[in-house]
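# Close look at the chain arrangement
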Amino acid sequence: MATPEILCDFSIKSASANEAVLLTFSVHNQTSQIQSVLTWQTPLEGFWSEMFIIKDENNQDVIYQGPLAKRGQPAKADYLNLAPQEKTMMSLVLSDAYALKKGRYQLTIAPNNLHLAQLCQAYTFPITFRVK
């Protein structure tokens, strides 16, 4: 299998219910050429869409409560250009868009988010995390 041109990584820092639950997302250009990444519906732009499906330990959806953006065609400014071998990171507070209580959760990419799924196709989901 060929090495992906862009490699994604996710990590979630477990926290207590009164602390921020932090998701860190990175993209790494593994090529010798500049790669352009559309930031829409990725953590690189922050919460402007339901990027993820989060399920609690009872397999119930945790409802997305963040903003939604209506868009036309992407402009040049909507892309992030990654230099050869460049890596960039962004952190989001999951509890800013999802009501997380004490418990165990699983995070996957939302099924309608084909862009993030394609960008991070080499990443293994779901991501399991705990709120203490």
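Residues numbered from 1 in each chain as written. Predicted model: local features only at pLDDT ≥ 70, side-chain atom pairs only at ≥ 80, totals over all residues. Heavy atoms only, no water.

### Concerning the overall build of the protein chain
Scanning the protein chain for helices and strands turns up one helix and nine strands. Secondary structure elements in the protein chain, listed N-terminal to C-terminal, are β-β-β-β-β-β-β-β-α-β. A compact globule built from 132 residues should have a C-alpha radius of gyration of about 14 Å, and the protein chain, at 15 Å, falls within 12% of that. Counting every position in the protein chain, which comprises 132 residues, the buried fraction comes to 37%. For the protein chain, contacts bridging at least 24 residues in sequence account for 72% of all contacts bridging at least 6. For the protein chain, the accessible surface area stands at approximately 7,900 Å², while carbon and sulfur atoms represent 49% of it. (Helix = DSSP H or I, 4+ residues; strand = E, 2+ residues; numbered from the N terminus. Rg over C-alpha atoms; globule rule 2.2 N^0.38 Å. Buried < 20%, exposed > 50% of the residue type's maximum accessible area, 1.4 Å probe, protein only. Contact = heavy atoms within 4.5 Å. Areas by Shrake-Rupley, 256 points an atom, 1.4 Å probe, with all protein chains shown as cover.)

### A word on the sheet that holds strand β8 (residues 103-109)
One open sheet accounts for four strands, arranged β5-β4-β8-β9; its pairing is antiparallel. At either margin of the open sheet sits one strand with a lone partner, and together these are β5 (61-62) and β9 (127-131). Here strand β4 (residues 52-56) pairs with β8 via five bridges, running antiparallel. When the bridges of β8 are listed, F52 appears paired with I109. (Pairing = 2+ DSSP bridges.)

### What about the pairing of β9?
In summary, the side chains of a regular strand alternate between the two faces of the sheet. Residues I127, F129 and V131 line the buried face of β9, whereas the alternating positions T128 and R130 sit on a face that is not buried. Examined bridge by bridge, β8 and β9 share five bridges and lie antiparallel to one another. Residue pairing for β9: G103 is matched across the bridge by V131.

### Section: the pattern of salt bridges
According to the stated counting rule, one finds two salt bridges in the structure shown. The shortest N-O distance in the salt bridge between E45 and R71 comes to 2.7 Å. Here E45 is found in the loop between β3 (35-38) and β4, whereas its partner R71 is found in the loop between β5 and β6 (79-82), with 26 residues between them in sequence. R71 sits in the partly exposed class, given a relative accessible area of 32%. (Salt bridge = Lys/Arg side-chain N within 4 Å of Asp/Glu carboxyl O.)

### With respect to the side chain of E45
Here Q41 takes part through its backbone nitrogen, which lies 3.0 Å from a polar atom of the side chain of E45. Only 2.7 Å separates the side chain of E45 from the side chain of R71, close enough to count as a polar contact. (Polar contact = N/O pair within 3.5 Å; in protein donor to acceptor, adjacent residues only side chain to side chain.)

### Notes on the packing of aromatic side chains
Within the structure shown, the criterion is met by nine aromatic pairs. With centroids separated by 5.1 Å and ring planes inclined at 65 degrees, the aromatic side chains of F10 and Y123 adopt a geometry described as edge-to-face. With F10 in strand β1 (residues 6-13) and Y123 in the loop between α1 (114-119) and β9, this residue pair connects regions lying 113 residues apart in the sequence. (Phe/Tyr/Trp six-rings, centres within 6.5 Å; stacked < 30°, edge-to-face > 60°.)

### Quick notes on unusual backbone geometry
Geometrically, the link from F125 to P126 is a cis peptide bond, its omega value of 5 degrees lying close to zero. The residue P126 is located in the loop between α1 and β9 in this model. Phi angles above zero are rare outside glycine, and N59 is one such case at about 65 degrees. Given a relative accessible area of 52%, N59 falls into the exposed group. Of note in this structure, Q85 is not a glycine but carries a positive phi near 65 degrees. Its place among the elements puts Q85 in the loop between β6 and β7 (87-93). The exposure class of Q85 is partly exposed, given its relative accessible area of 46%.

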